[in-house]
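Each chain, letter by letter, is given below.
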Amino acid sequence: MGLMDIESTYEPVAKALKSKREALIAEFLDGNAGDFMRLHTKVIDEYFLESFEKSMVGPRLKINKNPYAIVALGGYGRGEQCVGSDVDILFLFQKKVPPQAEELIREILYPLWDVGLDVGHAVRSLKECVSLAASDVEVLTSVLDARFICGMSPLCSQLSERIRKKILSRGAKKAVTELIASARARHHVCGDASYLLEPDLKEGQGGLRDYHSLIWLAKIKAGIENSRDLEYQGLLSYGEYSRLQKALSFIWNVRSRLHVVAKRKCDRLHFEYQEQMARLMGFSDANGQRGVELFLGALQGHMETIKQQHGMFIHELENSYKPKKLRNFLDKPRSSGFELKRGLLTFSSHEKIPETPDLLIRIFEESAFSQIPLSSEAKRIVHDFGHLIDDGFIRSESAVGHFENILVAHTPDFDVLDEMLHTGFLLRFVPELSCVVNRIEYDAYHHYPVDKHLLLTVRTLKKFGAGEGSDNFLRHVYDEVADKQLLLWAALLHDIGKCEAQKDHSEVGARIAADVLRKRGYSEERIAAVSFLVREHLLLIKTATRRDTDDESTIISLAREIGDEDLLRMLYLLTVADKTCTGKGALNDWVSSLLWDLYLKVLRTLKKGELATEKAAAAVEAKKIALLESSGSDEERRELEAVFEVLSPRYLLYASANDLRRHVELYRKLGDGTVVWEIGKNDITDTRTVTICAQDSPGLFSRLAGIFALHGLDILDAQAYTWKNGVALDIFTVRPPLDKLFEDEKWAKAERDLKSALSGELDLADALCEKLSSFRRQPDPLEGVKPPRVEIDNESSGFFTIIEVFAYDEPGLLFALTDTIYRRLNLDIWIAKVATKVDQIVDVFYVRDMDGQKIQDEEQLAMFRKVLEQTLDASEGLDLCVA
């Protein structure tokens, strides 16, 4: 039979299938399809049944002599047929596969491809199928999902029986081990979907494949027939099974709608689909959160449920296979009331819990100190007896003491606080945390739900103390903290204020933290310390990245605000841990070095007292003496004394003696020229220090920024000094060129362009516009979540007006801003800092007017803000040429 004959014979059947699917999908999107996956599976089943009945090839195969069956595999076999799911089919023959089988496949499957379904198929004999399943775990799992559709049904039963007898009864351990290894490898590649900004609904940890893995393991180990048997055979409690089904229903719903939105099978929830998906799932803005945040929070909560069920199941299976002597190093727990089963911690008798409810927290303390996780049974018991954790329990001195012990204990292989969270204990013991569970901040900066971020921060601090990682400074600082319990309480609560939207979460969090500790009987002194850490947990990072930390007034102000060395240590550690656990890029080597430098400066001030003007004068004099003593002759000494007289006071205060000597050499090199520069490398932070000595001219800083933009060099920090003789010394910290192999050539070309720009030969604005005209950066889907803004701070510095610009990064933006500040606002830039927040950049400028004065007029400041906002509006469309 030819292809045309097949198409004409099955065209009506295929059209009927297409029509039924389209109608069912439309009903599903309208919310009227009920159990969509079951109905969708049934529609496809009907196609196969009708095709089998009308087959023109089938009779020639003589089913009575060589029985065959059409069997559903994979998600289709399980009845989990989402909108874009593959249709996996097995043509199973009892004996050898006949030559006519190829005709049967074309006859039945070609119309499905024409309809647009992704069809996968295999043609095997019963013997081949069992042999392949024995050697390939992927084939085994597909067969475990097998479901008879049409043909000879006994054949499907024979397949299941042979798999059970020849593979599972003999090699169950091998199959289980391979499945667990496969799951771990998949998690490593796809990540933890319950944490990720763009979760993989199927393959990620907490995704549907974890559920499939759980089912396969239960079929192999316990012989279950379907998912309901997880509860019937006691593998999951009624509550666990109900939560699992609720989670699966939600994720399946999301997956099918995602297939519709993406117009293809797509299992990764990309940013571009998330807001539309939230609307389709019925989420709208409420309680200060956007609909998309509520949707993602619900999704991650359900994926966490699957992750936890899968993790517990695998952990217990692994322990059941371990030799008893390898399960742990303890014959029995340290404390009475607990015992070990299969190497995991559980209660000796749950009947004692109502009389001794502190067993509910003591088991976590035992887990932390013995480094042994709780068994599934113990977690269920904690969950079921959670009602005993009442107000009296929370306030009891013994419970607080146990919790403090858990807070400080470090368990490198698992997180006790995480187990407390997922059993419900933590939310009963600290109910104030409930409002941040699965709370999402929809931007590229925060990678984790707030509750996960808090637990990660606590865990990271304890890693500092354990010396995990290469930073011994952090371990040293942690060891010096006198009251580690307060530090860890602050870490657990530092973002709790995010439960109240539209408010300053630091201020709200400080109030909530004080209430939490007061309820638990802490002294007012300790409460004040935690409250301060929560309220000011952003203080150091903002100061380090947005303020001039060479300014003694900045350091003195910080020292006065913190007031205590131990509080500073805790604040520094909390800052580093917080940024480490915020997301990729939040704490790079450069920002780390800024924080460490700031910490040391404030610590030095707290130890030795405030920097007095007399001390500053003495420091300048000491530098002068050191510089003059390094002179090789009287003539050089007189030359250095002359140079010293033209150096600006601010420069003399902040430049080190070594820098002074190097900069004077650069000044000598300048002579009567226009500009010279030198490039210094910092391998630790992977940055370059570009020191520029030039004849000062209006707009010099802007031109320098433009040169860096023209050559794709990102500025991180800049200091501008103007000496009394009209020489400018500008010091830029920048990221190195991407192509480090030709870095020297890149710098040489940039220097030539700088000289051309200063001489007027190169029109920098035109050159940048020409470069930008060929550049079209793909916008980030999350851009617009936080609109660009301009803030002006006239309080932090006594000598400068500080302009802060928050915006999405664009090539040439810094040049556009500095050019606007110079040409349109007629301001002189003395200091610039560029802080990258992953989702946005923060450009900070310390400015004065051309008379060297701080700007005080409010109307003028308002005008500055408006003009800079106009520049930002132009930058959004890369229309910087008209800025």
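For clarity, every value in this text was computed on a predicted model and none was experimentally measured.

Draft legend 1. Spotlight on the side chain of Ser375. By the secondary structure assignment, Ser375 is in the loop between helix 14 (359–370) and helix 15 (376–384). Among the polar contacts made by the side chain of Ser375, one reaches the main-chain amide nitrogen of Ala378 at a distance of 3.1 Å. Setting aside residues no more than four positions away along its own chain, Ser375 makes contact with Glu316, Leu344, Leu345 and Thr346.

Draft legend 2. Broad picture of the environment of Ala172. Position of Ala172 among the secondary structure elements: in helix 7 (residues 153–190). Through-space distance from the C-alpha of Ala172 to that of Lys221 is 6.8 Å; in sequence the pair is 49 residues apart.

Draft legend 3. Spotlight on the packing of aromatic side chains. Scanning the entire structure with this criterion turns up 31 aromatic pairs. Summarising the aromatic geometry, the rings of Tyr211 and Trp252 are spaced 6.0 Å apart at their centres and angled 85 degrees between planes, so their arrangement reads as edge-to-face. Taken together, the residues span a long stretch of sequence, with Tyr211 in helix 8 (residues 208–222) and Trp252 in helix 10 (residues 238–262) at a distance of 41 residues. Of the two residues, Tyr211 and Trp252, neither departs from the other in class, the shared state being buried. On the basis of an interplanar angle of 70 degrees and a centroid distance of 5.2 Å, the ring pair of Tyr651 and Tyr721 is categorised as edge-to-face. Of this pair, Tyr651 sits in helix 31 (residues 649–654) while Tyr721 sits in strand 9 (residues 715–722); the two residues are 70 residues apart in sequence, bridging distant segments of the chain. Neither residue differs from the other here; Tyr651 and Tyr721 are each classed as buried. In this structure, Arg789 is placed above the aromatic ring of Phe806, and the distance from its NZ or CZ to the ring centre is 3.7 Å.

Draft legend 4. How the structure looks around the environment of His663. Looking at the secondary structure, you find His663 in helix 32 (residues 657–670). Along the backbone, His663 and Cys693 are 30 residues apart, and their C-alpha atoms lie at a distance of 8.1 Å. Residues within four places of His663 in sequence aside, it is in contact with Tyr651, Thr691, Trp723, Leu729 and Ile731.

Draft legend 5. The arrangement of the side chain of Lys498 in detail. Take Lys498: it is sitting in the loop between helix 22 (484–493) and helix 23 (505–519). The buried category is assigned to Lys498, whose relative accessible area is 11%.

Draft legend 6. The arrangement of the pattern of salt bridges in detail. The final tally for this structure, using the stated rule, is 54 salt bridges. In this structure, Lys749 and Asp753 form a salt bridge, with 2.9 Å as the shortest nitrogen-oxygen distance. Placement of the pair is Lys749 and Asp753 together in helix 34 (residues 743–759), with a separation of four residues, close to one helical turn. A residue is classified by how much of its surface remains accessible, and Lys749, at 36% relative accessible area, is partly exposed. Classification of Asp753 as buried rests on a relative accessible area of 12%. Among the charged side chains, a salt-bridge network with shared partners connects Glu480, Glu565, Asp566, Arg569 and Lys607.

Draft legend 7. Fine view of the nonpolar core. Ranked by size, the top nonpolar core spans 105 residues in total, and within it Phe48, Ile163 and Phe295 carry the most contacts. The element best represented in this core is helix 7, accounting for 12 residues. Discounting residues that sit within four places of it in the chain, Phe48 has contacts with Ile70, Tyr76, Val87, Ile89, Ile108, Leu109, Leu112, Ile149 and Cys150.

Draft legend 8. Summary view of the packing of helix 30 (residues 634–646) against helix 32. Relative to each other, helix 30 and helix 32 sit at 95 degrees, their axes nearing to 12 Å. Our classification of the angle between helix 30 and helix 32 gives roughly perpendicular. On helix 32, the residues that touch Glu636, Glu639, Leu640, Val643 and Phe644 of helix 30 are Leu660, Val664, Tyr667 and Arg668. A per-class count over the contact of helix 30 with helix 32 returns six nonpolar, no polar and three charged.

Draft legend 9. Here's a closer look at the sheet that holds strand 1 (residues 68–73). Spatial ordering of the open sheet is given by 3-2-1-4, a layout of four strands whose pairing is mixed. Taken across any chain shown, the strands that pair with only one partner, and hence form the sheet edges, are strand 3 (119–125) and strand 4 (147–151). Across the sheet, the mean angle from the axis of one strand to that of its neighbour is 25 degrees, orientation sign disregarded. Inspection of the sheet shows strand 2 (residues 87–93) paired to strand 3 by seven bridges, in the parallel sense. Bridged to Ile89 within strand 3 is His121. Contacts from helix 4 (residues 101–115) reach strand 1, strand 2 and strand 3, with the element oriented near 165 degrees to strand 3.

Draft legend 10. Region of the structure containing unusual backbone geometry. In this structure, Asn287 takes a positive phi of about 55 degrees despite not being glycine. Structurally, the position occupied by Asn287 is in the loop between helix 11 (271–280) and helix 12 (291–321). Take Asn287: its relative accessible area is 74%, and that puts it in the exposed class.

Draft legend 11. A positive patch on the surface, seen in detail. Together, Lys127, Arg162, Lys166 and Arg170 give the surface a local cluster of positive charge. When residues of the positive patch are assigned to their parent elements, the largest contribution, three residues, is made by helix 7. On the secondary structure map, Lys166 appears in helix 7. Judged by relative accessible area, which is 47%, Lys166 ranks as partly exposed.

Draft legend 12. The pairing of strand 7 (residues 675–682), seen in detail. Direction of pairing for strand 7 relative to strand 8 (residues 687–695): antiparallel, over a ladder of eight bridges. What sits directly across from Glu678, in strand 8, is Thr691. What sits between the antiparallel neighbours strand 7 and strand 8 is a turn of four residues, in which Asp686 has the positive phi angle 55 degrees.

Quick notes on the rules
Residues numbered from 1 in each chain as written. Predicted model: local features only at pLDDT ≥ 70, side-chain atom pairs only at ≥ 80, totals over all residues. Heavy atoms only, no water. Helix = DSSP H or I, 4+ residues; strand = E, 2+ residues; numbered from the N terminus. Polar contact = N/O pair within 3.5 Å; in protein donor to acceptor, adjacent residues only side chain to side chain. Contact = heavy atoms within 4.5 Å. Phe/Tyr/Trp six-rings, centres within 6.5 Å; stacked < 30°, edge-to-face > 60°. Buried < 20%, exposed > 50% of the residue type's maximum accessible area, 1.4 Å probe, protein only. Lys NZ or Arg CZ within 6 Å of the ring centre and 35° of its normal. Salt bridge = Lys/Arg side-chain N within 4 Å of Asp/Glu carboxyl O. Core = buried A, V, L, I, M, F, W, Y, C linked by side-chain atoms within 4.5 Å. Axes fitted to C-alpha atoms, helices over the stretch in contact; angles between N-to-C directions. Parallel < 35°, antiparallel > 145°, perpendicular 65-115°, else oblique. Nonpolar A, V, L, I, M, F, W, Y, C, P; charged D, E, K, R; others polar. Pairing = 2+ DSSP bridges. Patch = residues over 30% accessible without salt bridge, like charges linked within 9 Å, V, L, I, M, F, W, Y side chains within 5 Å. Areas by Shrake-Rupley, 256 points an atom, 1.4 Å probe, with all protein chains shown as cover. Lys, Arg positive; Asp, Glu negative; His and termini not counted. Charge placed at Lys NZ, Arg CZ, Asp CG, Glu CD.

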